[in-house]
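An overview of the molecular structure
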Amino acid sequence: QTQWFSHYFKPIHSREASPSMNYLQQRRQSLVQNLKKSSSSSAEAFLVTNPVNVTYLTGFTGDDSFYFGSTKNSIVISDTRFEEQIKEECAGLDASIRGHNKTTYEAAAEVLNKAGVKTVAVEEDQITLSVLEQLKTLAPKVTFVPVSGAVEKQRVLKDPGEIEKIKESVRVAERAFRMFIATVREADTEKEMVDSLECYIRRAGAKGSSFPPIVAVGERGALPHAPPTAKLLGDGTKLLVDWGADMLYKSDITRTLKSPFGTSPTRRNKYERVGVRFDEVYNIVLQAQDAA
């Protein structure tokens, strides 16, 4: 059953990233250095509140947490739920753990006051006006400087550690696909195939899907975001699968397959009738992708 998709499936191989490189530390150092070099900012420290950016800079995968960075300080601001997790994920980083009697903003203000910084950059695309006013009240000696896209500009260029994580996400997605394609049956519906694919993605090692997978039979493969229906695999001659594995970094793969179960276009699946052979269309798209 694995033979029918092999022509349309190309594995991806990669080299391991060097374990000796502390990429997280490099990212934090670059953030502070770029902040000091910026002509539009006079800030001496950065309070990062976007959870994705906090993870990028620290490796912490929890939520409701901030990162404070300067030339002298590198601190994760969180709460007691994540105290042990921060020890595991953020080795070498200081942590300010608040109790349940404080908000994260109150804890952040305490860190700022204790650090004695005068100007602090904040993510203007993330922080709300009400939160900023809270911080100004809680840390009255601090001047807050709005900065846009500082961390995102760093994230555009992937370091070797990130590249390896992306490749691992692809490898996990490919393992899930091999399990999925070996078990599909003619009587499976799109919904059943989506459900099983999501299961295989987790079994292959991911924490979940990058996005809701798409499994579209026949003419439904023309829909960019086809929601799963009760259409049977055997009702079409082609199958489109769009899926990815969430390994913190997310993969996104699409495969178009010839179904071994579908019959020639009939009145039942008349929308599959096309004026050219499927292989011809497939290879044109493949050549365009390879050229790109």
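Sequence order as written defines residue numbering, which begins from 1 separately in each chain. Local features are withheld for residues below a pLDDT of 70 in this predicted model, meaning they are given only at 70 or higher, and side-chain atom pairs are given and counted only at 80 or more; totals for whole chains, interfaces and linings count all residues. Excluded from the side-chain calculation are hydrogens and water; included are all heavy atoms of the structure.

1. Comments concerning the overall build of the chain
For the record, the criterion: Counting from the N terminus, the helices are DSSP H or I runs at least four residues long and the strands are E runs at least two residues long. Contacts were defined at the residue level, with two residues in contact if any of their heavy atoms lie within 4.5 Å. Per-residue accessibility takes into account occlusion by the displayed protein chains alone, with areas from the Shrake-Rupley method and a 1.4 Å probe.
Within the chain, the regular secondary structure consists of nine helices and twelve strands. For the chain, long-range pairs separated by at least 24 residues make up 64% of all intrachain contacts whose partners lie at least 6 apart in sequence. Total accessible area on the chain stands at roughly 16,100 Å², and carbon and sulfur atoms take up 53% of it.

2. Side note on the environment of Lys114
Applicable threshold: Under the scheme applied here, a residue whose accessible area is under 20% of the maximum for its type counts as buried, over 50% as exposed, and between as partly exposed, the area being computed with a 1.4 Å probe on protein chains only.
Of note, Lys114 is situated in helix H4 (residues 104–115). Its relative accessible area of 78% is what places Lys114 among the exposed residues. Sequence spacing of Lys114 and Ala139 is 25 residues, and the spatial spacing of their C-alpha atoms is 9.9 Å.

3. Section: the sheet that holds strand S6 (residues 143–147)
Threshold: Only strands that DSSP links by at least two bridges are regarded as paired with each other. Axes here mean lines fitted to C-alpha atoms, for a helix over just the part in contact, with angles spanning 0 to 180 degrees between N-to-C directions.
Within the open sheet, the six strands sit side by side as S4-S3-S2-S1-S5-S6. Their pairing is mixed. Two strands close off the open sheet at either side, each with one partner strand: strand S4 (94–98) and S6. Taken pair by pair, the neighbouring strands of this sheet meet at an average axis angle of 25 degrees, ignoring direction. Across five bridges, the pairing between strand S5 (residues 119–123) and S6 is parallel. Note on S6: the bridge partner recorded for Thr119 is Thr143. Relative to strand S2 (residues 66–70), helix H2 (residues 51–58) is tilted by about 55 degrees, and along the sheet it contacts strand S1 (45–48), S2, strand S3 (74–79) and S5.

4. As for the sheet that holds strand S8 (residues 214–217)
The strand order across the open sheet formed by three strands is S8-S9-S12, and the pairing between neighbours is antiparallel. Two strands in the sheet have a free side with no partner beyond their single neighbour: S8 and strand S12 (253–258). Taken over all neighbouring pairs, the strand axes of this sheet differ in orientation by 10 degrees on average, direction set aside. Inspection of the sheet shows strand S9 (residues 238–243) paired to S12 by six bridges, in the antiparallel sense. When the sheet's bridge partners are listed, Lys238 is paired in S12 with Lys258. Of the strands in this sheet, S8, S9 and S12 are in contact with helix H7 (residues 160–181), which crosses S12 at around 25 degrees. Here helix H9 (residues 278–291) sits on the sheet and contacts S9 and S12; the angle it forms with S12, its principal contact strand, is near 160 degrees.

5. Some words on the packing of aromatic side chains
Selection criterion: Planes of paired rings set the category: under 30 degrees apart is stacked, over 60 is edge-to-face and the rest tilted, where pairs are Phe, Tyr or Trp rings (Trp by its six-membered ring) whose centres lie within 6.5 Å.
Here the structure, examined in full by the defined rule, presents four aromatic pairs. Summarising the aromatic geometry, the rings of Phe66 and Tyr105 are spaced 5.4 Å apart at their centres and angled 50 degrees between planes, so their arrangement reads as tilted. Of the two residues, Phe66 is situated in strand S2 and Tyr105 in helix H4; the sequence distance between them amounts to 39 residues. Residue Phe66 is classed as buried on the basis of its relative accessible area, which comes to 7%. An angle of 35 degrees between the planes, with centres 6.4 Å apart, marks the rings of Phe177 and Phe180 as tilted. Remark: Phe180 and Phe177 occur in helix H7; sequence separation between them is three residues, near one turn of the helix. Exposure remark for Phe177: the relative accessible area of 0% places this residue in the buried category. Feature note: the residues Phe177, Phe180 and Trp243 constitute an aromatic cluster, connected by ring pairs.

6. Observations concerning the packing of H7 against helix H8 (residues 190–203)
Our working rule: Roughly parallel means an angle under 35 degrees; roughly antiparallel, over 145; roughly perpendicular, 65 to 115; everything else is oblique. The crossing is said to be left-handed when, going from far helix to near helix, the turn is anticlockwise and less than a right angle, and right-handed when the turn is clockwise.
H8 packs onto H7 with a crossing angle of 135 degrees between their chain directions and a minimal axis gap of 8 Å. Here H8 runs oblique to H7, going by the angle between their axes. Note that H7 runs across H8; the crossing there is right-handed. From H7, Val172, Ala176, Met179 and Phe180 reach across to H8, where they touch Met193, Ser196, Leu197, Tyr200, Ile201 and Arg203.

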